[in-house]
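Here's the letter readout for the chains.
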Amino acid sequence: TCQMLTAGFENALPYLPTGARLYNAAGVHDASTAELAVGLIIANLRGIDEAARDMRLGMWRHRQLPALADKQVLIIGAGGVGEAIRRRLEPFEAEIIMVGRTARVGVSASSELDALLPLADVVILAIPLDDVTTGMVDSTFLGRMKDGALLVNVARGRVVRSDDLLAELASGRLRASLDVTDPEPLPIDHPLWSVPGLLVTPHLGGNSSAFLPRARRLVEGQLHRLSRGDPLINQVS
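Parameters and conventions
Sequence order as written defines residue numbering, which begins from 1 separately in each chain. In view of the model being predicted, local features appear only for residues whose pLDDT reaches at least 70, and side-chain atom pairs are presented and counted only at 80 or more, with totals across whole chains, interfaces and linings using the full set of residues. With hydrogens and water set aside, each side-chain value is computed from the structure's full complement of heavy atoms. Throughout, exposure labels follow a simple rule: accessible area from a 1.4 Å probe, protein chains only, divided by the maximum for the residue type, with under 20% read as buried, over 50% as exposed, and the rest as partly exposed. Labels follow the DSSP assignment, with helices taken as runs of H or I lasting at least four residues and strands as runs of E lasting at least two, numbered in each case from the N terminus. The directions considered for the arc are those from the helix axis to the C-beta atoms. The contact criterion used throughout is that any non-hydrogen atoms of two residues lie within 4.5 Å. The nonpolar core is taken to be a set of buried Ala, Val, Leu, Ile, Met, Phe, Trp, Tyr and Cys residues, with the residues joined through side-chain atoms within 4.5 Å. Definitions used for this entry: grid spacing 1 Å over protein atoms alone; cavity, a set of points where a 1.4 Å probe fits but cannot get out; pocket, an open set with protein on both sides within 12 Å along at least 5 of 7 lines; lining residue, one with an atom within 4 Å of a point. Grid points are joined across faces, edges and corners, and a volume is the space filled by probe spheres set on the points. Under the scheme applied, nonpolar residues are Ala, Val, Leu, Ile, Met, Phe, Trp, Tyr, Cys and Pro; charged residues are Asp, Glu, Lys and Arg; polar residues are all the others, including Gly. We define a salt bridge as a contact between a side-chain nitrogen of Lys or Arg and a carboxyl oxygen of Asp or Glu at a distance within 4 Å. Paired strands are those between which DSSP finds at least two bridges. When the strands point away from the viewer and the path from the first strand over the helix to the second turns clockwise, the crossover is right-handed. The patch calculation keeps residues exceeding 30% relative accessible area without a salt bridge and links them within 9 Å when they carry like charges or within 5 Å when they are nonpolar (Val, Leu, Ile, Met, Phe, Trp, Tyr). Exposure was quantified through the Shrake-Rupley algorithm and a 1.4 Å probe, taking into account, for residues, occlusion by the shown protein chains and nothing else. Orientation is described by axes fitted as lines to C-alpha atoms, over the contacting stretch for helices, and by angles from 0 to 180 degrees between their N-to-C directions.

A. Seen up close, helix 6 (residues 162–171). Restricting attention to buried positions, one finds in helix 6 the residues Ser162, Leu165, Leu166, Glu168 and Leu169. Buried residues of helix 6, seen end-on, are gathered within an arc of 170° and therefore sit on one face of the element. Counted as exposed and oriented over 90 degrees from the buried face of helix 6: Asp163, Ala170 and Ser171. Taken together, the buried residues of helix 6 touch helix 5 (139–144), strand 7 (150–153), strand 8 (175–178) and strand 9 (198–200). One or two positions beyond helix 6, positive phi appears at Gly172, with a value near 85°.

Structure, rendered in structure tokens:
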């Protein structure tokens, strides 16, 4: 039995002994990652990162910038993180659409993405990395996004094809906030550092003061289940 303290598990699979059962930390990072996703949206839309840089120059640039209110937000990934993001966005008076692998009450199917992407002002990636999602956000995906839309990635860097995103950002057609990148860490000479409309944070999603108490509760709960002979939770298929 192998218990991880991360939600993502793709890096552990090559080292998993034959016959071992793998359990991830689904739920542990939801609050921290959702909180950061909301911050990345507001900071980019309202120019907070630009204002922080202007401070160092003593520059005052008053201007009108987009609000989150009245925007259509597409959350791709209807698991724990996606749901936590949805709950936190509800008070911002935005229209929120959830997308999962299959349709269910309150969730659209991924097969509907082609129709949904051109309508969204903000597209949030909160999906696991697997064979289906690797490179999913490519030139075709990005090309369907509306002019001026914001892409937010709090999933995994390899969900997005960096060169395709770079082309859209360099043209100024799209904006992006990335907590994860491909490659990661992003090398100092990478062209993404110099494109307009991009805000990058260094994979801060789950790494907050909220992590440890939630991780402790998960491990304690798993140990109690083991001692009682009950099934463990969060087994990776």
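B. How the structure looks around the nonpolar core. In terms of nonpolar packing, the biggest core is built from 31 residues, with Leu74, Val123, Leu125, Phe141, Met145 and Leu151 touching the most fellow members. When contributions to this core are tallied by element, the ones reaching two or more residues are strand 3 (72–76), strand 4 (95–100), helix 4 (113–116), strand 6 (122–125), helix 5, helix 6 and strand 8. Every residue in contact with Leu125, bar those within four places of it in the chain, is listed here: Ile76, Val137, Phe141, Leu151, Val152, Asn153, Val154, Ala155, Val159 and Val160. In terms of nonpolar packing, the next biggest core, distinct from the first, is built from 26 residues, Ala37, Ala78, Ile85 and Val122 among them.

C. Looking closely at the layout of surface pockets. Computed from the structure, the largest pocket encloses a volume of approximately 960 Å³. Along the wall of the largest pocket there are 40 residues; nearest its centre are Ala7, Val81, Ala126, Ile127 and Pro128. Elements represented by at least two residues in the lining of the largest pocket include exactly helix 1 (30–45), helix 3 (80–89) and strand 4. Residue classes in the lining of the largest pocket are distributed as 18 nonpolar, 16 polar and six charged.

D. How the structure looks around the pattern of salt bridges. Across all of its chains, the model carries 15 salt bridges by this definition. The partner of Arg175 in a salt bridge is Glu50, with the nearest N and O atoms 3.7 Å apart. Placement of Arg175 in strand 8 and of Glu50 in helix 2 (residues 48–57) is noted, with a sequence separation of 125 residues between them. Note that Arg144 is salt-bridged to Asp114, the shortest N-O span being 3.9 Å.

E. Quick peek at the side chain of Asp54. Along the polypeptide, Asp54 turns up in helix 2. Exposure remark for Asp54: the relative accessible area of 8% places this residue in the buried category. When neighbours within four sequence positions are excluded, Asp54 is seen to be in contact with Met59 and Arg61.

F. The arrangement of unusual backbone geometry in detail. Along the chain, Asp182 connects to Pro183 via a cis peptide bond; the corresponding omega equals 5°. Note on placement: Pro183 falls in the loop between strand 8 and strand 9. Of note, the bond from Glu184 into Pro185 is cis; its omega dihedral lies within 30 degrees of zero at 0°. Locating Pro185 in the fold gives a position in the loop between strand 8 and strand 9.

G. Structural detail: the pairing of strand 4. Two strands pair when backbone bridges link them, and strand 3 and strand 4 are joined in this way by five bridges, in the parallel orientation. When the sheet's bridge partners are listed, Ile76 is paired in strand 4 with Val99. What joins strand 3 to strand 4 is helix 3, and the crossover it makes is right-handed. Alignment of strand 4 against strand 5 (residues 107–109), held across three bridges, turns out to be parallel. Following the sheet pairing, Val99 is matched in strand 5 by Ser108.

H. Expanded view of a nonpolar patch on the surface. Residues Leu5, Val219, Leu223 and Leu226 make up a contiguous nonpolar surface patch of roughly 340 Å² in combined accessible area. Secondary-structure assignment places Val219 in helix 7 (residues 211–228).

I. Inspection of the sheet that holds strand 8 at higher detail. On the basis of which strands lie adjacent, the open sheet formed by seven strands has the order 5-4-3-6-7-8-9 and parallel pairing. Taken across any chain shown, the strands that pair with only one partner, and hence form the sheet edges, are strand 5 and strand 9. Mean inter-strand twist for the sheet, computed between neighbouring axes without regard to direction, equals 20°. As defined by bridge partners, strand 8 adjoins strand 9 across three bridges and the pair is classed as parallel.

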